[in-house]
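# Topology and contacts: notes
Spelled out, the chains give:
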Amino acid sequence: MLDRFAKLAANGVVIEYWLERSHSLFVAVQGVDLAVRPGEFVAIVGPSGCGKTTFLNAVDGLLPIAGGSLTLDGRAITKPGPDRAMVFQQPGLLPWRTVLGNVTFGVEAQRRMSKAEALSRAKQQIELVGLAGFEDAYPLELSGGMQQRVNLARALLTDPEMLLLDEPFAALDAQTREMMQLELLKIWSATKKTALFITHDIKEAIYLADRVFVFTRRPGRVKKVVEIRLSRPRDLRVKRDPQFLTYEDEIWESIQEELGVPAERLIAGVPAA
């Protein structure tokens, strides 16, 4: 039974597409049940193509569901809204606008606040994500990690009820990725936003999340829920904690069952056949 106090609640969610070329129905997600509590950080992992991003797009209101129910604060999600903000893998910054201009672009287009208010709040978010002093810089003058900080500040400017993050650090080098994970936890701790995070990186999911949902192969559904009982605040040293490694083994084994690959090959980084 789903948590009646959930911020986000999915009950038997089905998401499907009609493929014109093959004249067939493609079922991406089938029967997903999950709940995200207010202020909770939840990660979703699973085999490639299992419907993680598809589900996230439905939560954002970009895709309709074909069955079940999907609600935010008890209201059905039928379209995008200011109560949710998406952070994509690619920053998607406008190269002709400065950091400040990129952060304010969305609210300017929506005319949701005055220019003065947008500028004032944008500067606060830029400082929060660690980019104070770079307000007048252009995207080409920024590193990949700094560009993602701009992306995150832009999402936070709208003061959403929920942050939706679709593999936001996947394109970064390993060192920058770890530092961005640390920064994201600091930002999340400061804002107390409810967060739903999609990733292929098991360690990233464990490090960031309160709970990790493991999806099955397509059509995706929830196979396992792992409660991450690691104290907060967390620094990067927690990744060497024996309990962290136990969680990693548990999640890998769950994915291994879906792929039919021995767990030791997955843990060693050997790709599935």
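Look above for the structure.
Below is a short write-up of the structure. (Residues numbered from 1 in each chain as written. Predicted model: local features only at pLDDT ≥ 70, side-chain atom pairs only at ≥ 80, totals over all residues. Heavy atoms only, no water.)

## Structural notes on the sheet that holds strand 5 (residues 75-76)
By way of backbone hydrogen bonds, the strands of a sheet pair with one another, either parallel or antiparallel. Formally: By definition, two strands form a pair when at least two bridges between them are found by DSSP. Strands are runs of DSSP state E lasting at least two residues, helices are runs of H or I lasting at least four, and both sets are numbered from the N terminus onward. Only heavy atoms matter for contacts: two residues are in contact if any of them lie within 4.5 Å across the pair. Axis geometry follows a simple rule: fit a line to the C-alpha atoms, using only the stretch in contact for helices, then measure angles between N-to-C directions, giving values from 0 to 180 degrees.
Spatially, the four strands line up as an open sheet ordered 2-1-4-5, and their pairing is antiparallel. A single partner strand is all that each edge strand has here, and the edge strands are strand 2 (24-36) and strand 5. Bridging between strand 1 (residues 8-19) and strand 4 (residues 67-72) involves five bridges; their strand directions are antiparallel. Paired with Ala9 across the strands is Thr71, a residue of strand 4. Lying on the sheet, helix 1 (residues 52-59) is in contact with strand 1, strand 2 and strand 4; it crosses strand 1 at an angle near 110 degrees.

## Considerations on helix 5 (residues 174-191)
Owing to its 3.6 residues per turn, the α-helix aligns residues three or four sequence positions apart on the same side. Spelled out, the test is: Multiplying 1.5 Å by the helix residue count minus one yields the expected span of that helix.
For helix 5, with 18 residues, the first-to-last C-alpha span of 26 Å sits near the 26 Å given by 1.5 Å per residue. Considering only its buried residues, helix 5 is in contact with strand 3 (41-45), helix 3 (115-128), helix 4 (144-157), strand 7 (162-166), strand 8 (194-198) and helix 6 (202-208). Once helix 5 finishes, Lys192 follows within two positions and takes phi at roughly 60 degrees, a positive value.

## A closer look at empty space enclosed by the protein
To keep it simple, the criterion reads: Only protein atoms enter the 1 Å grid used here. Points where a 1.4 Å probe fits but cannot escape make up a cavity, open sets with protein on both sides within 12 Å along at least five of seven lines make up a pocket, and a residue lines them when an atom lies within 4 Å of a point. Grid points are joined across faces, edges and corners, and a volume is the space filled by probe spheres set on the points.
Summed over all chains, the structure comprises one cavity of 30 Å³ or more. Of the voids in this model, the largest cavity is the one considered here, and its volume is about 40 Å³. Contributing to the lining of the largest cavity are Val87, Gln148, Leu152, Leu165, Pro168, Phe169, Met180 and Leu184. Looking at the lining of the largest cavity, the elements with two or more residues in it are helix 4 and helix 5.

## A closer look at the pairing of strand 3
To keep things clear, this is the line we draw: The rule is simple: take the accessible area with a 1.4 Å probe, protein chains only, and divide by the maximum for that residue type; under 20% is buried, over 50% is exposed, in between is partly exposed.
Summarising burial for strand 3: five of the five residues are buried, a large majority. Of the two faces of strand 3, both are covered, the one formed by Phe41, Ala43 and Val45 as well as the one formed by Val42 and Ile44. Across four bridges, the pairing between strand 3 and strand 8 is parallel. Note on strand 8: the bridge partner recorded for Ala43 is Phe197. Alignment of strand 3 against strand 9 (residues 211-215), held across four bridges, turns out to be parallel. Of the residues in strand 9, the one forming a bridge with Ile44 is Phe213.

## Topic: the nonpolar core
Spelled out, the test is: Throughout this description, the term nonpolar core refers to a set of buried Ala, Val, Leu, Ile, Met, Phe, Trp, Tyr and Cys residues connected via side-chain atoms within 4.5 Å.
Ranked by size, the top nonpolar core spans 55 residues in total, and within it Leu152, Val212 and Ile251 carry the most contacts. In terms of residues, this core owes the most to one element, helix 4, which gives seven residues. Apart from the residues lying within four places of it in its own chain, the contact partners of Ile251 are Val45, Ile202, Ile206, Val212, Val214 and Val226. Core analysis: the next-biggest nonpolar cluster, separate from the first, contains 26 residues, Val29, Val32, Ile77 and Phe213 among them.

## Observations regarding unusual backbone geometry
Arg218 connects to Pro219 through a cis peptide bond whose omega is -5 degrees. Within the fold, Pro219 resides in the loop between strand 9 and strand 10 (222-227). Although it is not a glycine, Asp159 adopts a positive phi angle of roughly 50 degrees. Here Asp159 is to be found in the loop between helix 4 and strand 7. You will see that Lys192, though not glycine, has its phi angle at about 60 degrees, which is positive. Its place among the elements puts Lys192 in the loop between helix 5 and strand 8. Residue Lys192 is classed as exposed on the basis of its relative accessible area, which comes to 58%.

## Let's talk about the packing of aromatic side chains
The condition that has to hold: Working definition: a ring pair exists when centres of Phe, Tyr or Trp rings (six-membered ring for Trp) sit within 6.5 Å. Plane angles under 30 degrees give stacked, over 60 give edge-to-face, the rest tilted.
Here the structure, examined in full by the defined rule, presents five aromatic pairs. Considering the side-chain rings of Phe41 and Trp188, the 5.7 Å spacing of their centres and the 80 degrees angle between planes classify their relative orientation as edge-to-face. Highlighted residues: Phe41 in strand 3 and Trp188 in helix 5, separated in sequence by 147 residues. Here Phe41 falls in the buried class, since its relative accessible area comes to 1%. Its relative accessible area of 12% is what places Trp188 among the buried residues. Ring centres 5.9 Å apart and planes at 40 degrees place the aromatic pair Phe41 and Phe197 in the tilted group. With Phe41 in strand 3 and Phe197 in strand 8, this pair connects stretches of sequence that are 156 residues apart. Judged on exposure class, the residue Phe41 and its partner Phe197 are both buried.

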